[in-house]
Each structure stands twice: as structure tokens, then as C-alpha cells.
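# Geometric and topological summary
Here is what each chain is made of, one letter per residue.
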Amino acid sequence: MLRRLFSRAFWGLSRWKLTGEPAPDRPTILVGAPHTSNWDFVLMLAIAWRLGIDVRWLGKSSLFAGWRAPIMRRLGGIPVDRNDPGRVVSDVVQQVHSGAVFGLVVTPDGTRGAHTHWKSGFYRIARETGMPVTLGFVDRTTMTTGLGPTFELTGDVKHDMDRIRAFYADKSGLRPARRVEPRLREEESRT
């Protein structure tokens, strides 16, 4: 109830407009992109709470240190050890297979540094669990944010990523200079 009230207040006061598709009707991988600012986290929570989506999200393990740990976990956070990122994929797959139902928010492009590719964890988790992918977005040029289409991945990485690239082609993020083109290293190894 508090989450719904917070989200109503947020959308009532915010310059941002919530647009796009309705919430998916089954567990999904929610791709959050372009993820160019830490403010995207606030927008993600506001979207999820407004649409009534129970979300989990992946965050660097340092966010879960000290007094922040219980807050981050209560907000749906799952810590990721950057020294062993493959483990988080298997942990999440195990949770889904054990019957846990949630939307998993993944920001495959990160917010810092000169990345040239997205991280592929979202793709591997979706394929290994059979969960569809929902494309969430932030677009500063239109001051809109929300959810795009939900679809099943085919396993043809290039084809799936072409579809994702087409959706994000006109989305800029809060800090456009930090935007990373949706591309996985796995695409290059299969060409």
C-alpha cells in the first residue's frame, strides 16, 4: 500500500511521464536501458510500484554493505559479486526453478566507464528459465519512461539483439553520453 502511495505521489509531481505497455502478466526479465544514471533506480521502482510488479534487481555487492544491506534487500536487491558474475546467473535460475515468482530487473549496459557491449546475464537467465524479456526504457528527449514489448527470446542471439536494438534506437537515457549500444559479445563470436 505504501509503495502504491509513493508511486502515485512520484508520478503526480514528476516531470517524467509513464508510458508504454501494461505490466506483463507473468514472471519476466525486465531490461532497464539505457541505464546511464543512478536516478534510473528511482524511476524503475516508481514504474514497478505503480504497475504493481514485484521486482528483484541485480546490484553490485558494495551496495549491500553495512546499514544499506537490509534496505536494498527490502527493495528487491540481489547482490552481485563482480569477481564471479556467472554465479548470479545460476543463483537466479535456481530461484526461478524453485518456484519464486518475480520480475527481475537487469541493467545490462551499466552506468560507468567506456563499455562497448552489454553484459549477457539477462539473455542467459531468460534462456535458462524460459522467462520472456520485457524492455523497460528511459528517454530523456521525450521525458518518458515505462515498459516496451514483452517477448520470448529465440536463441538466435543476433536476431534477438536486432529486435532489442530497434526498440532502443531512439532512447537516450538521462546522460546520453553514457549510452551503450545494445550489443552482446556473443553476437560477434557467432558471425
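Structure first, text after, so check above.
Notes on the structure in this doc start here.

### Quick look at the overall build of the protein
If you tally the helices and strands in the protein, you get seven helices and seven strands. Reading the secondary structure of the protein in the N-to-C direction produces α-β-β-α-β-α-β-α-β-α-β-β-α-α. Taken against the 2.2 N^0.38 rule, which gives 16 Å for 191 residues, the C-alpha radius of gyration of the protein at 16 Å falls within 12% of a compact globule. With the C-alpha coordinates of the protein rotated into their principal frame, the extents come out at 50 × 35 × 35 Å. Split into buried and exposed, the 191 residues of the protein put 47% on the buried side. Sequence separation of 24 or more characterises 70% of the internal contacts of the protein that already satisfy a separation of 6 or more. Computed over 29 positive and 19 negative side-chain charges, the separation of the two mean positions in the protein equals 8 Å.

### Regarding the sheet that holds strand S4 (residues 77–80)
Reading across the sheet, the seven strands line up as S1-S7-S6-S2-S5-S3-S4 and stay open at both edges, with mixed pairing between neighbours. What marks the edges here is a single partner per strand, and that holds for strand S1 (17–20) and S4. Mean inter-strand twist for the sheet, computed between neighbouring axes without regard to direction, equals 25 degrees. Strand direction decides the pairing type here: strand S3 (residues 55–60) and S4, joined by four bridges, are parallel. Residue pairing across strands places Gly59 opposite Pro79, the latter belonging to S4.

### Description of empty space enclosed by the protein
Evaluation of the coordinates by the stated rule reveals one cavity of 30 Å³ or more. Grouping the constituent residues of the lining of the largest cavity by class yields six nonpolar, no polar and two charged.

### Focus on the pairing of strand S6 (residues 133–139)
For S6, the tally of buried residues reaches seven of seven residues, placing the bulk of the element in the interior. Bridge count between strand S2 (residues 29–33) and S6: five bridges; the pairing is parallel. Of the residues in S6, the one forming a bridge with Ala33 is Phe137. The hairpin turn running from S6 into strand S7 (residues 144–151), its antiparallel successor, is four residues long, and Met143 in that turn takes a positive phi close to 55 degrees.

### Topic: helix H1 (residues 2–13)
With twelve residues, H1 extends 17 Å between its outermost C-alpha atoms, agreeing within 8% with the 16 Å of an ideal straight helix rising 1.5 Å per residue. Of all the positions in H1, only Ser7, Phe10 and Trp11 are classed as buried. Around the axis of H1, the buried residues are gathered within 90 degrees of arc, so they sit on the same side. Opposite its buried face, H1 presents the exposed residues Leu2, Arg8, Gly12 and Leu13, each directed more than 90 degrees away. On its buried face, H1 is in contact with S1, helix H2 (39–51) and S7.

### Regarding the layout of surface pockets
In this structure, the second largest pocket encloses a volume near 160 Å³. Lining the second largest pocket, in full, are Phe10, Arg15, Trp16, Trp39, Val42, Leu43, Arg140, Met143 and Leu174. Per-element tally for the lining of the second largest pocket: the top contributor is H2, with three residues. Its residues assigned to classes, the lining of the second largest pocket shows seven nonpolar, no polar and two charged.

### A few points about the environment of Ile47
Checked against the element boundaries, Ile47 lands in helix H2. Remark: the alpha-carbon pair of Ile47 and Ala177, spanning 130 residues in sequence, is separated by 24 Å. Ile47 has contacts with Trp11, Leu18, Thr145, Gly146 and Leu147, leaving out every residue within four places of it along the chain.

### Section: the pattern of salt bridges
Any two side chains of opposite charge can pair if their charged atoms end up close together. Evaluation of the coordinates by the stated rule reveals seven salt bridges. For Arg165, the salt bridge identified is with Asp162, shortest N-O distance 2.6 Å. Placement of the pair is Arg165 and Asp162 together in helix H6 (residues 157–168), with a separation of three residues, close to one helical turn. Since its relative accessible area comes to 34%, Asp162 is described here as partly exposed.

What counts and what doesn't
Residues numbered from 1 in each chain as written. Predicted model: local features only at pLDDT ≥ 70, side-chain atom pairs only at ≥ 80, totals over all residues. Heavy atoms only, no water. Helix = DSSP H or I, 4+ residues; strand = E, 2+ residues; numbered from the N terminus. Rg over C-alpha atoms; globule rule 2.2 N^0.38 Å. Buried < 20%, exposed > 50% of the residue type's maximum accessible area, 1.4 Å probe, protein only. Contact = heavy atoms within 4.5 Å. Lys, Arg positive; Asp, Glu negative; His and termini not counted. Charge placed at Lys NZ, Arg CZ, Asp CG, Glu CD. Pairing = 2+ DSSP bridges. Axes fitted to C-alpha atoms, helices over the stretch in contact; angles between N-to-C directions. 1 Å grid on protein atoms, 1.4 Å probe; cavity = no way out; pocket = protein on both sides within 12 Å on 5 of 7 lines; lining within 4 Å. Points joined across faces, edges and corners; volume = space filled by probe spheres on them. Nonpolar A, V, L, I, M, F, W, Y, C, P; charged D, E, K, R; others polar. Expected span 1.5 Å × (residues − 1). Arc of directions from axis to C-beta. Salt bridge = Lys/Arg side-chain N within 4 Å of Asp/Glu carboxyl O.

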